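Chains, contacts and geometry: an overview
Spelled out, the chains give:
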Amino acid sequence: MAIAAWRLAQRSCPSYLQVISFPVVQLHMNRAAMTASQKDFENAMNQVKLLKKDPGNEVKLKLYALYKQATEGPCNMPKPGVFDLINKAKWDAWNTLGSLPKETARQNYVDLVSSLSSSLESSSQVEPGTDRKSTGYETLMVTSEDGITKITLNRPAKKNAINVEMYHEIMRALKAASKDDSSITVLTGNGDYYSSGNDLTNFTDIPPGGVEEKAKNSAILLREFVGCFIDFPKPLIAVVNGPAVGISVTILGLFDAVYASDRATFHTPFSHLGQSPEGCSSYTFLKIMGPAKATEMLVFGKKLTAGEACAQGLVTAVFPDSTFQKEVWTRLKAFAKLPPNAMRISKEVIRNREKEKLHAVNAEECSVLQERWLSDECMNAVVNFLSRKSKL
Ligand SMILES: CCCCC/C=C/CC(=O)SCCNC(=O)CCNC(=O)[C@H](O)C(C)(C)COP(=O)(O)OP(=O)(O)OC[C@H]1O[C@@H](n2cnc3c(N)ncnc32)[C@H](O)[C@@H]1OP(=O)(O)O
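These numbers come from a predicted model, not from an experiment.

**What about the pattern of salt bridges?**
Evaluated as defined, the whole model comprises 13 salt bridges. Salt-bridge contacts for Asp256 lead to Arg351; the nearest nitrogen and oxygen are separated by 3.2 Å. One end of the pair, Asp256, is in the loop between α9 (247–250) and β7 (257–261); the other, Arg351, is in helix α13 (residues 340–372), and 95 residues separate them in sequence. Classification of Asp256 by relative accessible area gives partly exposed; the value is 31%. Given a relative accessible area of 24%, Arg351 falls into the partly exposed group. Linked by salt bridges that have partners in common, Asp256, Lys347 and Arg351 make up one network.

**Things to note about the pairing of strand β3 (residues 148–153)**
Of all 6 residues that make up β3, 5 are buried, and the element is covered over most of its length. Pairing of strand β2 (residues 140–145) with β3 involves 6 bridges; the strand directions are antiparallel. Among the inter-strand pairings, Ser144 is bridged to a residue of β3, identified as Thr149. Hairpin connection from β2 to β3: 2 residues lie between these consecutive antiparallel strands, with Asp146 at a positive phi of about 50 degrees. As paired strands, β3 and strand β4 (residues 184–189) are joined by 6 bridges and run parallel to one another. Looking at the pairing, Thr149 lines up with Thr185 of β4. Of the crossover connections in this fold, the one passing from β3 over helix α7 (residues 164–179) to the parallel β4 is right-handed.

**Things to note about the domain arrangement of the protein chain**
In terms of domain boundaries, the protein chain breaks down into domain 1 (38–117) and domain 2 (140–390). The straight-line distance from the C-alpha centre of domain 1 to that of domain 2 is 32 Å. Linking domain 1 with domain 2 are 0 salt bridges. Our count for the contact surface shared by domain 1 and domain 2 stands at 0 residue pairs in polar contact (both at pLDDT 80 or more).

**Quick word on the site of the ligand**
The immediate surroundings of the ligand are formed by 28 residues, with Lys158, Ser196, Asn198, Arg388 and Lys391 found nearest. Take Asp92: an N or O atom from its side chain is 3.5 Å from an oxygen atom of the ligand. Here Ser196 contributes a backbone N or O atom positioned 2.8 Å from a nitrogen atom of the ligand. Relative to its free-state accessible area of 1100 Å², the ligand is covered by the protein chains to the extent of 84%. Listing elements by their share of the shell around the ligand, those giving two or more residues are α5 (85–95) and α8 (210–231).

**Overview of empty space enclosed by the protein**
Within this structure, the stated rule accounts for 2 cavities of 30 Å³ or more. Lining the largest cavity, in full, are Phe229, Ile230, Leu254, Lys347, Arg351, Lys355 and Leu358. Elements represented by at least two residues in the lining of the largest cavity include exactly α8 and α13. Examining the composition of the lining of the largest cavity, we find that 4 residues originate from one element, α13, more than from any other. A breakdown of the residues in the lining of the largest cavity according to their chemical character gives 4 nonpolar, no polar and 3 charged. Here the second largest cavity is characterised by a volume of approximately 30 Å³.

Quick notes on the rules
Residues numbered from 1 in each chain as written. Predicted model: local features only at pLDDT ≥ 70, side-chain atom pairs only at ≥ 80, totals over all residues. Heavy atoms only, no water. Salt bridge = Lys/Arg side-chain N within 4 Å of Asp/Glu carboxyl O. Helix = DSSP H or I, 4+ residues; strand = E, 2+ residues; numbered from the N terminus. Buried < 20%, exposed > 50% of the residue type's maximum accessible area, 1.4 Å probe, protein only. Pairing = 2+ DSSP bridges. Right-handed = clockwise from strand over helix to strand, strands pointing away. Domains from an automatic or database assignment. Polar contact = N/O pair within 3.5 Å; in protein donor to acceptor, adjacent residues only side chain to side chain. Near = heavy atom within 4 Å. Areas by Shrake-Rupley, 256 points an atom, 1.4 Å probe, with all protein chains shown as cover. 1 Å grid on protein atoms, 1.4 Å probe; cavity = no way out; pocket = protein on both sides within 12 Å on 5 of 7 lines; lining within 4 Å. Points joined across faces, edges and corners; volume = space filled by probe spheres on them. Nonpolar A, V, L, I, M, F, W, Y, C, P; charged D, E, K, R; others polar.

Written out as structure tokens, the structure reads:
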């Protein structure tokens, strides 16, 4: 049954993230869009062809949607089926623009291409470690100023679900942050969620080796991802701006401080999803909150409020949402002024004796999960979510 579900997903859900072709925005040029700024629009379309670096699928979807809106007006296509992921993604992107006027869409298209050209150019010219807004990420915003490198999960329309690309980009951003001249590193989310955890569509992109290979590759990726948090050398702080789910919660046990808005919740519904704990939570949560409370979260999927998570030691402090950003950033800017080497060495003293154990726990959790991902329980849960039969 599990294999059947995977196969169904494989047939019906090819990886639209890989399939959306770069020049798609040029395919349906509509002469009806002739207006005063038509020349700019055409120039922008030509500029897209000249970009040296692929801007990534999310940007390409935005370009596609703006192009369609600018040339045809509001989305007029029937909504594709749930497993037709490529066309659904395109339809969603276009439909999201609602009744945006054609002229505005055209202008937005031109603006997007222009910002894209400059950001992709500048990303290849910037020296690492300088204070600047970091570009070259598709799923993150990364900035470095006032001694703080801030990594923001940036897929707000998907509740900051972590897709494969985001796993890789977070690792890349952490590696860069470990070497840059900032004192502390912060992870936060853009929009109303901190993160909805693993992007469940990750499970639909099946390689030629089949579902077993997919599970194996996912376990390798997960192990590497969690390993980056175990080994991160500087103070690592989570600014939890809203609800957090799954892996975005479990890795909090590897952070040095966790500040939460009182809107945040902490939810690890692994049993509901036919999965098992990761992010070293099978070890860290027991140490942080004791086995009884950890079991309620990790086995029974109890969702904690920010206040409860704070009382149980997972969260350092909770702030009212209305003053959250101001209070947290004031605190963080003060921390960032402390001598960086002293902070780094203190972290080493606190954490290093646990590192070997954490890597062993990580390896074991990933190997158990590799099996879980092939189970009926897990596959049914994923298929139910993707077919909109269930949510958390
Ligand atoms: C390499 C592999 C490593 C694997 C590591 C394993 C980790 C384990 C986990 O992280 S388990 C946790 C997995 N997460 C979930 O199960 C959450 C699923 N999402 C939901 O239940 C809900 O979306 C919600 C409760 C988070 C939010 O509900 P709400 O009604 O407020 O919003 P929508 O459901 O309409 O969401 C908006 C759009 O975002 C998409 N989305 C949200 N979360 C995910 C997700 N985890 N994966 C994929 N997509 C997600 C949702 O589908 C909507 O998209 P749409 O607008 O295109 O319909």
